[in-house]
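# Report on the structure
Listed here are the chains, written in short residue letters.
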Amino acid sequence: MDIRGSLRYLDNVLILMIVFSLALFSLFLILPLADMISLPLAFTLERLVSGTKTGYSLIELFSDPRLFRTYSTTEPVKISQLSGSTLVNFIGWNFGVIPNTLIIASLVTLNTTVLGLVVAFIMARYDFRGKMLMRVLAYMPLLMTPFVNAFVIKKLFSFDGLFSYIINSVIGLPLKINVDGMFGVVLTQSMAFWPIVYLNVYSSMMLIDPSLEEQAENLGARGFKLFRSVTLPLSLPGLAAGAAVVFIFSMEDLGGPIAYGFYDVLSYSIYSNIKAAQNIGEVGAYVGALSIVLLALALAIFFGIKRYVSLRQYAMLSRGGRWIPRVRKPKLVGSLIIYLVVLPVMVFTAMPQIGVFITAFSVRWSRAYPEGFTLDHFASILKNPDVITGLSNSLKYAAIATTIITVLSLSSAYVAARSRLQTLNEVLDMISTSPLAIPGLAIASGYIVMFTSWPFKDTFLDPLSIYGPWLLVVLAYTVRRSPFATRVIYAGLQQVHVAYEEAAMNLGASRLRTLATVVIPLLGLNILSGALLAFVYSIAETSVSVTVGAIVAGQKPLTAVMLDFLTGGRLAGLQLAAAMAVLIVVTQLLIIFVTNVFLKQRYAFIGV
Amino acid sequence: MKRFGNVYAAKDVELDIAKGEFFTLLGPSGCGKTTTLRIIAGFEYPDSGQVFFDEEDVTYTKPYERGTAMVFQNYALWPHMSVFDNVAYGLKVRKLPKEEIRRRVLEVLDLVGLRGLEDRYPLQLSGGQQQRVALARALVVEPKVLLLDEPLSNLDAKLRIRMREEIKKIQRTLNITTIYVTHDQEEAMSISDRVAVMNQGRILQVGTPQDIYFRPKNIFVATFIGKSTLLQGKVVKKDADRVVVDVGGEARIAGKLASDSGIKEGDDAVLVIKPEDFTVDPPGEPYNAIEGVVEFSMFLGSFTQLRMSVANQNLKVFIDPKKEVKPGSKFVIYVKIDDVLVFPRSEEVLEVA
């Protein structure tokens, strides 16, 4: 169909939806990023063409010893003596900002892939006692405890932490361990992100037609051979999707680097430079150049994987036959692996979240473990004006963002699902899912670059104006969290046969009336669960919150207040931040409960 | 004309449908009949060509401004609305007063025999009841044109026959212009005032059911409608519309020229005969006597089906079931010359055969 022919199918409402979606994404996603990268790119071009250095260009990135080194300034493992015990320090390397970021992301992706794959295989193919417990444990790291979990892990694995205490005092070995630096970041992120791989692989495995594995078995493939030749290849799309998200999340993470004071990574460099630049009133080409690296890596991985996954979407729903999932009881070796290796590892990865809860209710944590029980921290955060302001700011921002997200996601999903403009649908699909891959810190620096200068300077969009940054924070939440709702609504639209809408229009209902009386009521549950999901993820947002959101004290969202408590050297700062994290987790659990039980929607997880 | 990619979904479709007429688009799946219907409803716009309602050009009018009402193949009853709300929808859109909506909905539910079920939800209804709700929802708005897209294809055989009688009756009562799409030729015959037979996006013949059945103009129509058996041969004599064809060996069969297209002596021709037109005794009118060997005989209750070999070609013949015929024996059957239709041989024939 030619373009002119397709345009005939548009009406005012569809046009409005297209314009609204494209305008919002252009103004608050594409243009700020483009504006941010234009400056260093211009300097780079100038330097390449005329050879003169007019500003910070991408070429400087490679000659800056802070960013790139051929040697490590630290030894990965160092052994020393400490009060009669051998102290093993796991520190890791430091090759400079860019190599560090890539090393950490690669190690974290490797760790999470192995653990996620093993757990997914066990959960999808075996039936055993304690499976429910394992399922719950696997969800634990997904509970949102911004920043606090990283600090808890650091405490658990320091030389005077719980693990050294157990080895030293409980078991009685003259050995202490200390995890710090790069390895600390890797440990923290691996523990936090592995369920993303697990959930993606698990759902892939559950979609494999059992007869495909039975056929392979029938032809003589068994055990590992069967896994390697059939199960694993068919789960690769899920594996790739999960691994890509982990890689991107790792590069973007701020909690780990801040907790361990491991500042030579891209995320922290961008963060600290934005903080410094706030005072000057502009973000320079240096932050822009760093953000370009972060953005380019993330987008390359995201679109590369997305393409790969779409090429590998095998039609696995074969016709006929019975669909009995292949679950069986594990044999002896299998049981040993499940109970002695996998289960302890999972308990271990759930410890930060458990630790956050315990911390929030404990009097002090000055020795190896938290001590005493108290509700004082909750009482004191609820009396603290900063916390109250942060909490109400977060609720307010998230509520406004969720409202905009609902309209935006409905518009972009509806257009992508129903319009006849093939190219537009593809572009819109690409733009509306890309925020999953775009690091929040890149968005934050883009916002500061674009909205502090002409023509936005001193308008209500300028974060440095008298209006403060709150509106930008809301819009950042909107753009960053809309994909969660868009996916749920899009999935719902594919279940609603287009004939329902045609029947309404055929009887004289306009597009708007059809939307209001047919589409929205039929999609109600999807819209509601998408909105709830977007809401809770908005509250837990960190990257934009601690940068743009922290510019004006009275406008800080809760996560920025939490970071202040953790890094401000405050008395019982950890316990107070943990108490705030508990508030967020309770909200999250409530929303998961509502979407699962009342709305009967599967908890939408994070993937490509 | 309507194109999807490089495929012509509907081409050279020219129809003139009269007010109050029950008009059917008949053809195999993928022939373009549903696309044509959707163009009339406004869900598709043609790449070229026009659609008129009376004198008004509605080619690019939005579906909600056309005043058609459609019954969908899968009914498309809104699951979140009761039967009443489903049926009342079109009237509410038209902003009629509440009491009038209520009166008209109950009236139309009476008409389709669903009075008393107005508070049910679609999922609580049987397939036949859902079908009636869909019909009521379309009828209640008194549309300029009623469009039915294979409305009976999801029902079982018995219900299908009952529903088609009801649809016909209601259409007669309301005298509503109706366009019906189906692939079932028996359904089309039984229900329509006129039928358009379509294939590969083209309309091959438009006429009354009798026209289509007895006077097919085209070999596709002749073979698609009813059962038929074919013989191929060469024209040896042509006299006005009477043609004699040599089908091989000594066998010569006379028939009636069916197509307008010219055919002359020496041309390849195809004979189309309905198996039920054969008789075992000579009929009163001019006839052909055809001798062949019975290869296979199958008793089917109301008739016996034979496969006969005539001049090395197969012939399907239905005869009186009381007549006993032994496979392998020589046998003579008769057919009226007027019941043998002669078409020029074309590529299409091979496809159909």
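Residues numbered from 1 in each chain as written. Chains lettered and ligands numbered in written order. Predicted model: local features only at pLDDT ≥ 70, side-chain atom pairs only at ≥ 80, totals over all residues.

### With respect to the overall build of chain A
Worth spelling out the cut-off: Here a helix means four or more residues in a row that DSSP labels H or I, a strand means two or more in a row labelled E, and each is numbered from the N terminus. Only the C-alpha atoms count toward the radius of gyration. The rule for a globule is 2.2 Å times the residue count to the power 0.38.
A count of helices and strands for chain A gives 24 helices and three strands. In terms of overall size, chain A behaves like a compact globule, its C-alpha atoms giving a radius of gyration of 25 Å where 608 residues would be expected to give roughly 25 Å. Projected onto the principal axes, the alpha-carbon positions of chain A cover approximately 85 × 70 × 55 Å.

### Observations concerning the overall build of chain B
Cut-off, in case you're wondering: To sort residues by exposure, count the other C-beta atoms lying within 10 Å of each residue's C-beta; 20 or more gives buried, 12 or fewer gives exposed, and values between give partly exposed, all with C-beta atoms placed from the backbone.
Counting its secondary structure elements, chain B contains nine helices and 19 strands. Seen through its principal axes, chain B has C-alpha atoms that stretch 80 × 45 × 35 Å. Within the span of chain B, comprising 353 residues, buried residues form 40% of the whole.

### Some points on the sheet that holds strand β18 (residues 330–336) of chain B
All names here are of chain B. Defined as follows: Strands were regarded as paired on the criterion that DSSP finds at least two bridges between them. Each axis is a line fitted through C-alpha atoms, taken for helices only over the stretch in contact, and angles between the N-to-C directions span 0 to 180 degrees.
The strand order β17-β16-β15-β18 describes an open sheet built from four strands, whose pairing is antiparallel. Looking along the sheet, the strands with just one partner apiece sit at the ends: β17 (313–319) and β18. The mean inter-strand angle of the sheet, taken between neighbouring strand axes irrespective of direction, is 50 degrees. Alignment of strand β16 (residues 304–310) against β17, held across seven bridges, turns out to be antiparallel. Paired with Met-308 across the strands is Leu-315, a residue of β17.

### Here's the deal with unusual backbone geometry
Backbone torsion omega between A:Trp454 and A:Pro455 reads 0 degrees, so that peptide bond is classified as cis. Assignment of secondary structure puts A:Pro455 in the loop between α18 (440–451) and α19 (470–495). The phi torsion at B:Ala76 lies on the positive side, around 50 degrees, for a residue other than glycine. Structurally, the position occupied by B:Ala76 is in the loop between β6 (68–71) and α2 (83–93). For B:Ala76, a count of 25 C-beta atoms within 10 Å puts it in the buried group. Backbone geometry at B:Glu150 places phi at a positive 40 degrees, although glycine is not the residue there.

### Digging into helix α5 (residues 157–174) of chain B
All names here are of chain B. Put simply, the test is: Expected span of a helix, by definition, is 1.5 Å for each gap between consecutive residues, and there is one gap fewer than residues. For this quantity, the arc is that covered by the directions from the helix axis to the C-beta atoms. C-beta atoms are first placed from the backbone for all residues, and any pair lying within 7 Å is then listed as a contact.
In this model, α5 (18 residues) spans 26 Å end to end at C-alpha, consistent with the 26 Å of a helix rising 1.5 Å per residue. When we look at burial in α5, the residues that qualify are Met-163, Arg-164, Ile-167 and Gln-171. The buried side chains of α5 occupy one side of the element, clustering within an arc of 105 degrees when seen end-on. In α5, the exposed positions angled more than 90 degrees off the buried face are occupied by Lys-158, Arg-162, Glu-165, Lys-169, Arg-172 and Thr-173. Looking at the buried positions of α5, the neighbouring elements they touch are β3 (22–26), α4 (127–139), β8 (178–182) and α6 (185–191). Phi turns positive, to about 50 degrees, at Asn-175, one or two residues after α5.

### Some words on the sheet that holds strand β2 (residues 85–90) of chain A
Residue and element names in this part refer to chain A. If you walk across this open sheet you meet the three strands as β1-β2-β3, and the pairing is mixed. Lying at the two open borders of the sheet, with one neighbouring strand each, are β1 (77–82) and β3 (175–179). Mean inter-strand twist for the sheet, computed between neighbouring axes without regard to direction, equals 25 degrees. Relative to β3, β2 runs parallel, the two sharing five bridges.

### Quick word on the packing of α18(A) against α19(A)
All names here are of chain A. Our working definition: In this scheme, roughly parallel covers angles under 35 degrees and roughly antiparallel covers those over 145, while 65 to 115 is roughly perpendicular and the rest are oblique. Handedness of a helix crossing follows the sense of rotation of the near helix relative to the far helix, less than a right angle counterclockwise being left-handed and clockwise being right-handed. When residues are sorted by character, Ala, Val, Leu, Ile, Met, Phe, Trp, Tyr, Cys and Pro go into the nonpolar class, Asp, Glu, Lys and Arg into the charged class, and all the rest, Gly among them, into the polar class.
α19 packs onto α18 with a crossing angle of 140 degrees between their chain directions and a minimal axis gap of 11 Å. On the basis of their axis angle, the class for α18 and α19 is oblique. Note on packing geometry: the crossing formed by α18 with α19 is right-handed. In this structure, α18 uses Gly-440, Ile-443, Tyr-447 and Phe-451 to contact α19, whose residues at the interface are Leu-472, Ala-476 and Arg-480. Taken together, the residues of the contact of α18 with α19 sort by class into five nonpolar, one polar and one charged.

### Describing the packing of helix α14 (residues 332–361) of chain A against helix α24 (residues 573–598) of chain A
Residues and elements named next belong to chain A. At a closest axis distance of 8 Å, the pairing of α14 and α24 adopts a crossing angle of 115 degrees. Crossing of α14 against α24: the hand is left-handed. For the pair formed by α14 and α24, the contact residues are Val-356, Phe-357, Thr-359 and Ala-360 on the first element and Leu-574, Gln-575, Ala-578, Ala-579, Ala-581 and Val-582 on the second. Classifying every residue of the contact of α14 with α24 gives eight nonpolar, two polar and no charged.

### Considering the nonpolar core
Residue and element names in this part refer to chain A. Condition: In these notes, a nonpolar core means any group of buried Ala, Val, Leu, Ile, Met, Phe, Trp, Tyr and Cys residues linked to one another through C-beta atoms within 7 Å.
Core analysis: the largest hydrophobic core is formed by 271 residues, its most contacted members being Leu-294, Met-562 and Ala-577. Of all the elements, helix α8 (residues 181–206) adds the most residues to this core, at 16 residues. Not counting the four nearest positions on each side in its chain, Met-562 is found in contact with Pro-146, Phe-147, Val-148, Ala-577, Met-580 and Ala-581.

### Let's talk about the interface of chain B and chain A
Each side of the interface is counted separately: chain B has 21 residues, and chain A has 19 residues. Those elements that place two or more of their residues in the side of chain B that touches chain A are β6 and α2 of chain B. Grouping the constituent residues of the side of chain B that touches chain A by class yields 14 nonpolar, four polar and three charged.

### Overview of the pairing of β1(A)
Residue and element names in this part refer to chain A. With respect to burial, β1 is a largely exposed element, only zero of its six residues being buried. By the bridge criterion, six bridges tie β1 to β2 in an arrangement that is antiparallel. Following the sheet pairing, Val-77 is matched in β2 by Phe-90. If you look at the hairpin formed by β1 and β2, you'll find two residues sitting between the two strands, and Ser-83 has a positive phi there, around 35 degrees.

### A word on the confidence of the model for chain A
Condition: Each residue carries a pLDDT score, the predictor's own confidence in it, on a scale running from 0 to 100.
In the predicted model, chain A carries a mean pLDDT of 87, and the fraction of residues at 70 or more is 94%. Every residue in residues 603–608 of chain A is under pLDDT 50, and counting partners more than four places away or in other chains gives 21 contacts.

### Quick look at the environment of A:Phe128
All names here are of chain A. Inspection of the secondary structure assignment puts Phe-128 in the loop between α4 (97–125) and α5 (131–139). Distance from Phe-128 to Arg-328, taken between C-alpha atoms, is 8.3 Å for residues 200 residues apart in sequence. Once residues lying within four places of it in the same chain are set aside, the contact partners of Phe-128 are Lys-329, Pro-330, Ser-335 and Ile-338.

### Considering helix α3 (residues 98–111) of chain B
All names here are of chain B. Across its 14 residues, α3 extends 20 Å between first and last C-alpha, which sits within 8% of the 20 Å expected from 1.5 Å per residue. Three or more residues of α3 are buried, namely Ile-101, Val-105, Val-108 and Leu-109. Angularly, the buried residues of α3 cover 105 degrees about the axis, an arc narrow enough to put them on a single face. Of the exposed residues in α3, the ones pointing more than 90 degrees away from its buried face are Glu-99, Glu-100 and Asp-110. Tucked inside the fold, the buried residues of α3 contact α2 and α4. Backbone geometry just downstream of α3 places Gly-113 in the positive-phi region, at approximately 75 degrees.

### So, the environment of A:Met505
Along the chain, the position of A:Met505 falls in helix α20 (residues 498–506). For A:Met505, a count of 24 C-beta atoms within 10 Å gives the class buried. The residues contacting A:Met505, other than those within four sequence positions of it, are A:Thr514, B:Pro63 and B:Tyr64.

### Topic: the environment of B:Ser302
Residue and element names in this part refer to chain B. Mapped onto the elements of the fold, Ser-302 is located in the loop between β15 (287–299) and β16. Judged by the 7 C-beta atoms lying within 10 Å of it, Ser-302 falls in the exposed class. Remark: the alpha-carbon pair of Ser-302 and Phe-318, spanning 16 residues in sequence, is separated by 9.6 Å.

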